[in-house]
Amino acid sequence: MPARSTDAAGRDRSGKSTPAALDAATLDPASIDALVHWYARTGRDLPWRRTRDPYRILVSEIMLQQTRVEAVVGRFERFLVRFPSLRALAGAKPQEVLAEWSGLGYYRRARNLHRLAQQVLQQHSGRLPADPDALRALPGLGEYTAAAVSSIAFDLPCLAIDGNVARVLCRLLALDVDPRRVATKRHLHRAAAPALQRHSPGQLNQALMELGARVCLPRSPRCESCPCASACLARQQGIQEHIPPPRRQAIRDVQEAAMVLEREGRYLLFRGQRPGVLESMWEFPTLDSRLMTASRAADPQRPTPSGAARTSGTRELAEALQRHLSALHIETEHLELLGAIRHGITNRRILCHVFRPRIARFPSQLRIGSRTRDAGWYTPAEIRNLPLAASARKITDLLADPPASAGAGEAGKATGRPDLRPPPPEATL
Ligand code: SF4
């Protein structure tokens, strides 16, 4: 196989670090010395840095998961006053632990910490194990937290790689690779091994964390204040802001079905029918894959619709729509496929089939999903003044100008008429 051509920094033609460059990466000893001295001089005085007690360090590491340092500072000592030892924590009731955790969020951490304390009491005579593998076997402890506790509390030579540490090391070594990949972590462990032998592992890990939190920031790293600046390969090559490379999210193609429910020249729209980015936007009633699954489970026996909806791969969507309408107690005579629109939400490319059910009978009171915040019947002119999801805007355009082939001609004509009628008196939902 021909050798891959690389530049002086060991990157291939696409600009990526090659496996050979990853293998050759080593941390400059002098800059690591400077980093550790910088941390000893300027590191923040945080409550958990004043102790080597494994239980206290464990509590701090669990609290710091997904939570800002400032939020943890105010709660760390309070938790330890309430549960001063692992034995005290193990003996508490779950609701007492949750109450003390209140406000910190991610309550699974509190439940796991409680279970961990009970497990350590039963299996390790109440003493936290030092070995990272033994720590990882305990509830709620992943690779990073186990390495952090092993190194900080027991000074074992483990590199604790969180997002901050990975970013710092990749920049020092000018590795423009995904830091979450197992192969990258393996290279970082290997590159840092000599430094873990030369310095206290706990101090080195905390120095790297501190640099990532205060100086080597994700955007606009403050290289002019960095103790490692003279040996930082990313800075030398001017690529520090491109490391780590941005995450590329895979684009997913999905299909959904929207329905145009018309009554007296007004159309039914929902607000907040789906969680996430569309939570505050108005949409036509829409079935995405989640609702389709629920609909299928609710009424698996519903017969197949007739007419245009049978064709071109939309049959399953039409069936799901029929089931959904049935669950809403809306009786339909016919389900017309009006057309399709395309739109995108974050990493989803969506093909939305738009159906217009011909309604035989509406229930006196329309039932809407428990999550839906609002519902209303609106004229096309009113719809255009609502905060609309992109799909709703496109469907409104479709209603105003339906494709020539759309379903029955009668329904196509109805959508184009001007809305001059007053709102129906029974417009309550
Ligand atoms: S020199 Fe800049 S990019 Fe390099 S480690 Fe320091 S802050 Fe980060």
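Parameters at a glance
- Residues numbered from 1 in each chain as written.
- Predicted model: local features only at pLDDT ≥ 70, side-chain atom pairs only at ≥ 80, totals over all residues.
- Helix = DSSP H or I, 4+ residues; strand = E, 2+ residues; numbered from the N terminus.
- Contact = placed C-beta atoms within 7 Å.
- Near = placed C-beta within 6 Å.
- Nonpolar A, V, L, I, M, F, W, Y, C, P; charged D, E, K, R; others polar.
- Pairing = 2+ DSSP bridges.
- Axes fitted to C-alpha atoms, helices over the stretch in contact; angles between N-to-C directions.
- Buried ≥ 20, exposed ≤ 12 C-beta atoms within 10 Å, placed from the backbone.
- Expected span 1.5 Å × (residues − 1).
- Parallel < 35°, antiparallel > 145°, perpendicular 65-115°, else oblique.
- Core = buried A, V, L, I, M, F, W, Y, C linked by C-beta atoms within 7 Å.
- Left-handed = near helix turned anticlockwise from the far one by under 90°.

Caption draft 1: Looking closely at the overall build of the protein. What the protein contains, in helices and strands, is 18 helices and eight strands. Long-range pairs, those at least 24 residues apart, make up 67% of the contacts in the protein with a sequence separation of at least 6.

Caption draft 2: Molecular detail of the site of the ligand. Residues in close proximity to the ligand total 15 residues, the closest being Cys-216, Cys-223, Cys-226, Cys-232 and Gln-240. Looking at the shell around the ligand, the elements with two or more residues in it are α10 (163-172) and α13 (233-237). Element by element, the count of residues in the shell around the ligand is highest for α10, at three residues. Looking at the shell around the ligand residue by residue, the class counts come to 11 nonpolar, one polar and three charged.

Caption draft 3: Inspection of the sheet that holds strand β1 (residues 252-259) at higher detail. Judged by pairing direction, the sheet is mixed, and its four strands sit side by side in the order β5-β1-β7-β6 without closing on themselves. Looking at strand neighbours, the two that pair on one side only are β5 (286-287) and β6 (331-345), the edges of this open sheet. Looking at chain direction, β1 and β5 are connected through two bridges and run antiparallel. Looking at β5, one finds that Ala-257 is bridged to Leu-287. The sheet strands contacting helix α17 (residues 390-400) are β1, β6 and β7 (348-361), and the helix crosses β6 at an angle near 125°.

Caption draft 4: Seen up close, the environment of Trp-48. If you trace the backbone, Trp-48 turns up in the loop between α2 (29-42) and α3 (54-64). A tally of 22 C-beta atoms within 10 Å means that Trp-48 is categorised as buried. Along the sequence, Trp-48 and Leu-58 sit 10 residues apart, while their C-alpha atoms lie 9.4 Å from each other. If we ignore the near neighbours within four places in the chain, the residues touching Trp-48 are Arg-56, Ile-57, Ser-60 and Phe-76.

Caption draft 5: Local environment of the pairing of β1. Note: β1 against β7, eight bridges, orientation parallel. Looking at β7, one finds that Met-259 is bridged to Phe-355.

Caption draft 6: Seen up close, helix α12 (residues 201-214). Here α12 spans 20 Å end to end across 14 residues, near enough to the 20 Å set by a 1.5 Å rise per residue. Of all the 14 residues making up α12, 11 are buried; the element is thus mostly covered by neighbouring parts of the structure. Where α12 is buried, its residues contact α2, α9 (143-154), α10 and α11 (182-198).

Caption draft 7: Layout of the packing of α2 against α12. Between α2 and α12, the shortest axis-to-axis distance is 9 Å and the interhelical angle comes to 80°. Viewed along their axes, α2 and α12 adopt a mutual orientation that is roughly perpendicular. Along the contact surface, α2 presents Leu-35, Val-36 and Tyr-39, while α12 presents Gln-203, Leu-204, Gln-206, Ala-207, Glu-210 and Leu-211.

Caption draft 8: Seen up close, the nonpolar core. The biggest cluster of nonpolar side chains holds 65 residues, and the ones touching the most others in it are Val-149, Val-165, Leu-169 and Leu-173. Excluding residues that lie within four positions of it along the chain, Val-149 makes contacts with Pro-54, Ile-57, Leu-58, Glu-61 and Leu-135. Met-259, Ala-318, Leu-325 and Leu-399 belong to the second largest nonpolar core, which has 32 residues in total.

Caption draft 9: Molecular detail of the environment of Pro-363. Positionally, Pro-363 belongs in the loop between β7 and β8 (374-378). Residue class for Pro-363 comes out exposed when judged on the 11 C-beta atoms lying within 10 Å of it. Along the chain, Pro-363 and His-329 lie 34 residues apart, while their C-alpha atoms are 6.1 Å from each other. Contact partners of Pro-363, with chain neighbours within four places excluded, come to His-329 and Ile-330.

Caption draft 10: Broad picture of the packing of helix α6 (residues 94-101) against helix α7 (residues 108-123). It is at 9 Å that the axes of α6 and α7 come closest, and there the two elements cross at 135°. The angle between α6 and α7 falls in the class oblique. When you trace α6 past α7, the crossing you get is right-handed. On α7, the residues that touch Pro-94, Val-97, Leu-98 and Trp-101 of α6 are Ala-110, Arg-111 and His-114. Looking at the contact of α6 with α7 residue by residue, the classes come out as five nonpolar, one polar and one charged.

Caption draft 11: Quick peek at unusual backbone geometry. Note that the residue after Ile-243, namely Pro-244, is joined by a cis bond; omega there is -5°. In this structure, Pro-244 sits in the loop between α13 and β1. Residue Tyr-106 is not a glycine yet carries a positive backbone phi of 45°. Positionally, Tyr-106 belongs in the loop between α6 and α7.

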